Amino acid sequence: MSGLVCLQGGAEFGPTCASVDRRLLRLHPGPVVLVPLAAKPGWEYDTAGANGARWYGRLGATQVTVAPDARRGPAEHAETVAMLAEAALVVLPGGSPARLLDAFASTGLDADLHDVLARDGALCGASAGGMVLCEQTIVPEQGPPRLVPGLGIVPGVCVLPHYRNGPPTWLHTVTLPPSIRALGIPECTGVLVEPDGLSWVGPVPAVWVSAAGTVEPLPPASA
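Small disclaimer: the values here were computed from a predicted structure and weren't measured.

A. Quick look at unusual backbone geometry. A positive phi angle, near 55 degrees, is found at A11, a position not held by glycine. As for its position among the elements, A11 is in the loop between β1 (4-8) and α1 (18-27). Even without glycine at this site, D120 takes up a positive phi of about 70 degrees.

Written as structure tokens, this is what we have:
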């Protein structure tokens with residue numbers, strides 16, 4: 001991985017997230033492409049995309065597009081692939097982690113995310129978007145929460161989004177492999193994944209979390 005990955009805790013596209021998103025735009029100027037595949041097709045997808053486009057435009061991005069829903073068919077898929085090939089920053093908003101994993105499995109677009117990083121682009125995943133970028137992710141839908149493989153772009157990590165003052169109860173119902181650490185990311189905080197390690201940007205620190213409730217803060221990102 002040669003590009004930059006940012007894992008956001010959720011509540012994206014709001015004023016408190018500005019410090020994270022401005023940093024991404026400064027580090028990776030150029031086309032921003034929103035891919036809201038964690039949303040339901042139709043109105044929910046369109047709304048998530050419109051909210052994101054409006055937000056990044058407000059922050060000063062001059063090229064912001066919403067990829068068509070690649071689940072709809074070959075034409076939409078091809079257009080999305082073409083957009084990702086030109087993107088400086090790809091944004092995966094929140095929604096359903098199960099739906100997002102299914103979308104990548106059916107479209108194969110995870111390969112295009114790897115290509116973005118290979119040419120020094122950036123990926124930003126918020127909530128479900130950040131969860132599925134990691135080696136393992138929790139799927140809280142369709143029965144008891146369960147641990148499943150993510151896309152593996154960020155190895156050794158399982159994201160706990162919307163983190164507040166201690167591990168969620170479902171962390172006690174799954175067993176993380178010894179090689180995987182749970183990363184608690186508060187809303188509007190972003191964790192920057194870079195070759196020299198992980199650091200946080202935003203209003204509240206991100207922390208490594210154990211099922212017993214112990215925490216280890218990440219270092220803040222340098223200015």
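Now that the structure has been shown, we can carry on.
B. Molecular detail of the pairing of strand β4 (residues 89-92). Here β4 shows a buried face lined by L89 and V91 and a second buried face lined by V90 and L92. Sheet topology note: the strand β2 (residues 32-34)/β4 ladder contains 3 bridges and is parallel. Counterpart to V32 in the pairing with β4 is L89. Alignment of β4 against strand β5 (residues 122-126), held across 4 bridges, turns out to be parallel. Opposite L89, over in β5, you have A122 as the bridge partner.

C. Focus on the sheet that holds strand β8 (residues 157-160). Within the open sheet, the 4 strands sit side by side as β8-β9-β12-β13. Their pairing is mixed. Unpaired on one side and paired on the other, β8 and β13 (215-217) mark the two borders of the sheet. The mean inter-strand angle of the sheet, taken between neighbouring strand axes irrespective of direction, is 35 degrees. Across 4 bridges, the pairing between β8 and strand β9 (residues 181-184) is parallel. When the bridges of β9 are listed, V157 appears paired with R181.

D. Spotlight on the environment of L147. Looking at the element boundaries, L147 is found in strand β7 (residues 146-149). Remark: the alpha-carbon pair of L147 and T173, spanning 26 residues in sequence, is separated by 9.6 Å.

E. Local environment of the nonpolar core. Within the largest apolar cluster, 55 residues are counted, with the highest numbers of intra-cluster contacts made by L7, V90, L113, L133, I153 and L183. Per-element tally for this core: the top contributor is helix α4 (residues 97-107), with 5 residues. Among residues more than four places away in sequence, those in contact with L7 are G125, G130, L133, C134, V154, V159, L183, I185, T189, G190, V191 and V193. Among the nonpolar cores identified, the runner-up in size contains 19 residues, and V20, Y56, A61 and C124 belong to it.

Calculation notes
Residues numbered from 1 in each chain as written. Predicted model: local features only at pLDDT ≥ 70, side-chain atom pairs only at ≥ 80, totals over all residues. Heavy atoms only, no water. Helix = DSSP H or I, 4+ residues; strand = E, 2+ residues; numbered from the N terminus. Buried < 20%, exposed > 50% of the residue type's maximum accessible area, 1.4 Å probe, protein only. Pairing = 2+ DSSP bridges. Axes fitted to C-alpha atoms, helices over the stretch in contact; angles between N-to-C directions. Core = buried A, V, L, I, M, F, W, Y, C linked by side-chain atoms within 4.5 Å. Contact = heavy atoms within 4.5 Å.

Structural measurements only, silent on function.
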